[in-house]
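Here's the letter readout for the chains.
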Amino acid sequence: DIITQVAEQQVDVLWVIDNSCSMSSYQTTLVNNFEYFMNYFLDSRLDWHIGVTSTDMTVEAPGNRGTLREFGNIKYIDRNTLNPVEVFRSMATLGTRGSGIEKGTAATFGVLNTNNGSVHNQDFYREDANLSVIVISDEEDFTEEPILPEFIDWLGNLKDSVDKVNFSSIVCLREMPLNDQGCGRAPNAIPSVGSRYISVTQAIGGILWDIRERDWAPVL
């Protein structure tokens, strides 16, 4: 007799959410549709971690500067978390008082590298797990360090296979109007095209979705 044991697949999902002053409606759209995303994981055979951080790299607070957002004592949700949809809604409703100089790639680097294993982010990131990063922002990325080519190179080589990493961008994809909302070019326009995020998605792999879409159920 031959017995085949299938290893349980692990996946870490990091949500990087813009918490600047123009993001209230988009945060609401995310949390109102999150159950569509969560339904994929519930009752699955995946071993999953889901965490949230903001694009604010200025203010020292849980959820900023590359640290995970906390709800009570919960720093990320997994299959043992009670009411995971409600916990995520609390985590993802970051408010709109964050910095207007959004740095989503710096925040990603902060969670997975600079603060990896720290008291803020302990046990979230696992080397053997697949990794999915999802950025939601209505503005361009203003990260200075690491520079974009270095970030892409670092993220693409984080795992032993490129198939284990993806980077999805829910951002303004183009300047042409969508649902009566225009989109310009940084640094003067709000919203502005998230060209740097788009570049990461195109290089690493992932989903591109326009933040101005009214129905987020399909992408989630």
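Everything that follows concerns the structure shown earlier in this document.
Quick notes on the rules
- Throughout, a residue's number is its position along its own chain's written sequence, starting from 1.
- Only residues with pLDDT of at least 70 are given local features in this predicted model, and only at 80 or more are side-chain atom pairs given and counted; all residues enter the totals for whole chains, interfaces and linings.
- Side-chain numbers here rest on the full set of heavy atoms in the structure, without hydrogens or water.
- The secondary structure listing takes helices from DSSP runs of H or I that are at least 4 residues long and strands from runs of E that are at least 2 residues long, numbered from the N terminus.
- We compute the radius of gyration from the C-alpha atoms alone; for a globule the expected value is 2.2 Å times N to the 0.38, where N is the number of residues.
- Relative accessible area decides the class of each residue, using a 1.4 Å probe on protein chains only: under 20% of the type maximum gives buried, over 50% gives exposed, and in between gives partly exposed.
- By the convention used here, residues are in contact when the closest approach between their heavy atoms is within 4.5 Å.
- Using the Shrake-Rupley algorithm and a 1.4 Å probe, accessible areas are obtained, with residue cover drawn only from the displayed protein chains.
- This count recognises Lys and Arg as positive and Asp and Glu as negative, with His and chain-terminal groups excluded.
- Positions of charges follow a simple convention, taking NZ of Lys, CZ of Arg, CG of Asp or CD of Glu.
- For two strands to count as paired, DSSP must find a minimum of two bridges between them.
- To obtain each axis, a line is fitted to C-alpha atoms, and for helices this fit is confined to the stretch in contact; angles are then taken between N-to-C directions over 0 to 180 degrees.
- The disulfide criterion is simple: two cysteine sulfur atoms within 2.5 Å.
- By definition, a salt bridge exists where a carboxyl oxygen of Asp or Glu is found within 4 Å of a side-chain nitrogen of Lys or Arg.
- When the strands point away from the viewer, a crossover counts as right-handed if the route from the first strand across the helix to the second turns clockwise.

Side note on the overall build of the protein
What the protein contains, in helices and strands, is 5 helices and 6 strands. Helices (α) and strands (β) of the protein occur, in sequence order from the N terminus, as β-α-β-β-α-α-β-α-β-α-β. For the protein, the C-alpha radius of gyration of 17 Å lies close to 17 Å, the compact-globule estimate for 220 residues. The burial tally for the protein puts 51% of its 220 residues in the buried class. Contacts in the protein between residues far apart in sequence, at least 24 positions, make up 78% of those at least 6 positions apart. As presented, the protein carries roughly 10,900 Å² of accessible surface, and 47% of it is formed by carbon and sulfur atoms. One way to put it: in the protein the 16 positive side-chain charges average out to a point 3 Å from where the 31 negative ones average out.

A closer look at the sheet that holds strand β6 (residues 208-210)
On the basis of which strands lie adjacent, the open sheet formed by 6 strands has the order β3-β2-β1-β4-β5-β6 and mixed pairing. At either margin of the open sheet sits one strand with a lone partner, and together these are β3 (77-78) and β6. Sheet analysis places strand β1 (residues 10-17) next to strand β2 (residues 47-54), joined by 8 bridges and oriented parallel. Each residue of the ladder has a partner; that of Val-11, found in β2, is Trp-48. In the packing of helix α5 (residues 195-204) onto the sheet, the strands contacted are β4 (130-136), β5 (165-171) and β6, and the crossing angle to β5 comes to about 150 degrees.

Remarks on the state of the cysteines
Under the criterion given, the structure shown has 1 disulfide. Between the sulfur atoms of Cys-172 and its disulfide partner Cys-183 the distance amounts to 1.9 Å. With Cys-172 in the loop between β5 and α5 and Cys-183 in the loop between β5 and α5, the pair connects residues that are 11 residues apart, well separated along the chain. Residues Cys-172 and Cys-183 agree in their burial class; the two are buried. You can see Cys-21 has no disulfide; the closest cysteine sulfur is in Cys-183, sitting 15 Å from it. The exposed category is assigned to Cys-21, whose relative accessible area is 63%.

Details of the pattern of salt bridges
Within this structure, the stated rule accounts for 9 salt bridges. Residues Asp-141 and Arg-196 are paired through a salt bridge, measuring 3.4 Å at the closest nitrogen-oxygen approach. With a gap of 55 residues between them, Asp-141 in the loop between β4 and α4 (148-156) and Arg-196 in helix α5 connect regions that are remote in the sequence. Arg-196 carries the same exposure label as Asp-141, and that label is buried. A salt bridge links Arg-212 to Asp-210; the shortest N-O distance between them is 2.9 Å. A residue is classified by how much of its surface remains accessible, and Asp-210, at 3% relative accessible area, is buried. Through salt bridges that share partners, Asp-12, Asp-47 and Arg-126 make up one connected network.

Here we look at the pairing of β5
Burial analysis of β5 places 6 of its 7 residues in the buried class, the great majority of the element. Sheet topology places β4 next to β5; 6 bridges connect them, and they run parallel. Looking at the pairing, Ile-134 lines up with Ser-168 of β5. Running through α4, the crossover from β4 to the neighbouring parallel element β5 is right-handed. Where β5 and β6 come together, 3 bridges link them in parallel fashion. Among the inter-strand pairings, Ile-170 is bridged to a residue of β6, identified as Trp-209. Handedness of the β-α-β unit built from β5, α5 and β6 comes out right-handed.

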